[in-house]
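What the coordinates show
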Amino acid sequence: MKILEPLKWRAAVRKFDTSKDVSDVELEALLDAGNLTATSMGLQPFKIVVVKNKTLQQELVPLSYNQQHVAEASHILVFAIETDINQDNVDRYIERAMELRNLPSSALEGYKNSISQYMSSMSSDQKQVWATKQTYIALGTVMTIAAELKIDSCAMEGFDPVGYQKMLNLESENLMPVVILPIGFRSNEEVMASLPKVRKTRDEFVLEVD
Ligand SMILES: Cc1cc2nc3c(=O)[nH]c(=O)nc-3n(C[C@H](O)[C@H](O)[C@H](O)COP(=O)(O)O)c2cc1C
């Protein structure tokens, strides 16, 4: 199936061509893909922080278990959850829905009450786990659209989130990185990307229940 071709082409690229950059137009498409991603209750409790600065990227390498692709990628997309999720998030969402859909507040009152109740039922730790799950959906969307555009990427959890938070001044923005995505174009020296994919067999992966 043609639609699966980008997913077959995609691979975790660890050797980027340092002479090729992702264009502004391509970057905006990836950010739009992240923003268009579905999230629980539509609250989008995360941001994508864009890093495009070779000096900074080099400084992030020791905070990334010395993984050089952080320095060599065109950009690093840092997926960061909001650390101060509260009623304001719900209020902002409802206000935006009213504005974009031209609705009176009464039309959204029931929904507002139910999501407010759900949010206030979660502890701070539960909210962070919930926000992280939403972030990974966006990560998957961005990786898929990148592959469609023949842009390489490498999802990475191998980094120090608190170190990144400090280096990128994210604490004052109430953001905590949870996963990062170096993006760019594979180098001719990238050997892993052309190897067959290691995946479970269909039977290992799928359980059919009649
Ligand atoms: C959430 C996540 C975290 C990952 N962390 C790292 C990482 O820190 N460093 C790295 O080189 N690859 C990392 N990878 C890449 C995986 O090792 C890779 O996706 C997996 O081996 C499958 O290979 P493929 O993506 O080339 O098909 C990560 C992938 C995901 C989805």
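All of these numbers come straight from a predicted model, not from anything done at the bench.

1. Thoughts on the overall build of the protein chain
Within the protein chain, the regular secondary structure consists of nine helices and four strands. Listing every helix and strand of the protein chain by position from the N terminus yields α-α-β-α-α-β-α-α-α-β-α-β-α. Each of the three principal axes of the protein chain carries a C-alpha extent, and together these read 60 × 50 × 30 Å. Counting across all 210 residues of the protein chain, residues that qualify as buried make up 40%.

2. Topic: the site of the ligand
Around the ligand lies a shell of 14 residues, among which Ala12, Arg14, Gln67, Lys197 and Arg199 are the nearest. Note that an oxygen atom of the ligand is positioned 2.8 Å from one of the backbone N or O atoms of Ala12. Within the side chain of His69, a nitrogen or oxygen atom sits 3.4 Å from an oxygen atom of the ligand. For the ligand, whose accessible area on its own is 620 Å², the fraction buried by protein is 65%. Tallied by class, residues from the shell around the ligand come to six nonpolar, three polar and five charged.

3. Structural notes on the pattern of salt bridges
Pairing between side chains of opposite charge can happen when the charged atoms of each approach one another. Applying the stated criterion across every chain yields a total of five salt bridges. In this structure, the salt-bridge partner of Asp91 is Lys112, at a minimum N-O distance of 3.4 Å. Highlighted residues: Asp91 in helix α5 (residues 87–101) and Lys112 in helix α6 (residues 105–120), separated in sequence by 21 residues. Its salt-bridge partner being Arg202, residue Glu208 comes within 3.5 Å of it at the nearest N-O pair. Judged on exposure class, the residue Glu208 and its partner Arg202 are both exposed.

4. Section: the packing of aromatic side chains
Considering all chains together, one arrives at two aromatic pairs under this definition. Taking NZ or CZ as reference, Lys150 lies 5.1 Å from the ring centre of Trp9, over its face.

5. Examining the sheet that holds strand β4 (residues 175–184)
Strand order in this open sheet of four strands is β1-β2-β4-β3, and the pairing throughout is antiparallel. Each edge of the open sheet carries a strand with a single partner, namely β1 (46–51) and β3 (152–153). Sheet topology note: the strand β2 (residues 75–82)/β4 ladder contains eight bridges and is antiparallel. Following the sheet pairing, Leu77 is matched in β4 by Leu181.

6. Examining the nonpolar core
Core analysis: the biggest nonpolar cluster contains 32 residues, and Leu77, Phe79, Met119, Trp130, Leu181 and Ile183 have the highest contact counts within it. Of all the secondary-structure elements, those providing two or more residues to this core are α2 (24–36), β2, α5, α6, α7 (124–148) and β4. Apart from the residues within four sequence positions on either side, Phe79 is in contact with Lys47, Ile48, Thr135, Ala138, Leu139, Val142, Met176, Pro177, Val178, Val179 and Leu181. Among the nonpolar cores identified, the runner-up in size contains 23 residues, and Ala11, Val49, Ala71 and Ala73 belong to it.

Reading the values: the criteria
Counting restarts for each chain: residues are numbered from 1 in the order of the written sequence. Reporting of local features is limited, given that this is a predicted model, to residues whose pLDDT is at least 70; pairs of side-chain atoms are given and counted only at 80 or more, and all residues count toward the totals for whole chains, interfaces and linings. Only heavy atoms go into the side-chain values, all of them from the structure, while hydrogens and water stay out. Secondary structure elements follow DSSP: runs of H or I no shorter than four residues count as helices, runs of E no shorter than two count as strands, and numbering proceeds from the N terminus. Note on classification: 1.4 Å probe, protein chains only; a residue is buried when its accessible area is under 20% of the maximum for its type, exposed when over 50%, partly exposed between these limits. Near is defined per residue: the residue qualifies when any heavy atom it owns lies within 4 Å of the molecule or strand. Within 3.5 Å is the distance limit for a polar contact, defined as a pair of N or O atoms, with the added protein rule that one can donate a hydrogen and the other accept it, and that residues adjacent in sequence qualify only through two side-chain atoms. In these tables, accessible area is a Shrake-Rupley quantity obtained with a 1.4 Å probe, and a residue counts as shielded only by the protein chains included in the view. Residue classes follow a fixed rule: Ala, Val, Leu, Ile, Met, Phe, Trp, Tyr, Cys and Pro count as nonpolar, while Asp, Glu, Lys and Arg count as charged, and any other residue, Gly among them, counts as polar. Basic side-chain nitrogens of Lys or Arg form a salt bridge, by our definition, when they fall within 4 Å of a carboxyl oxygen of Asp or Glu. Ring geometry is summarised as follows: Phe, Tyr and Trp rings, the Trp one being its six-membered ring, pair when their centres sit within 6.5 Å, and such pairs are stacked at plane angles under 30 degrees, edge-to-face over 60 and tilted between the two. Charges are assigned to positions over rings by a cutoff of 6 Å between ring centre and Lys NZ or Arg CZ, combined with an angular limit of 35 degrees from the ring normal. One bridge is not enough; two strands pair if DSSP finds at least two bridges between them. For our purposes a nonpolar core is just a set of buried Ala, Val, Leu, Ile, Met, Phe, Trp, Tyr and Cys residues, chained together by side-chain atoms within 4.5 Å. Whether two residues are in contact is decided by their heavy atoms, any of which lying within 4.5 Å being enough.

Bear in mind that shape data such as this cannot, by itself, settle questions of function.
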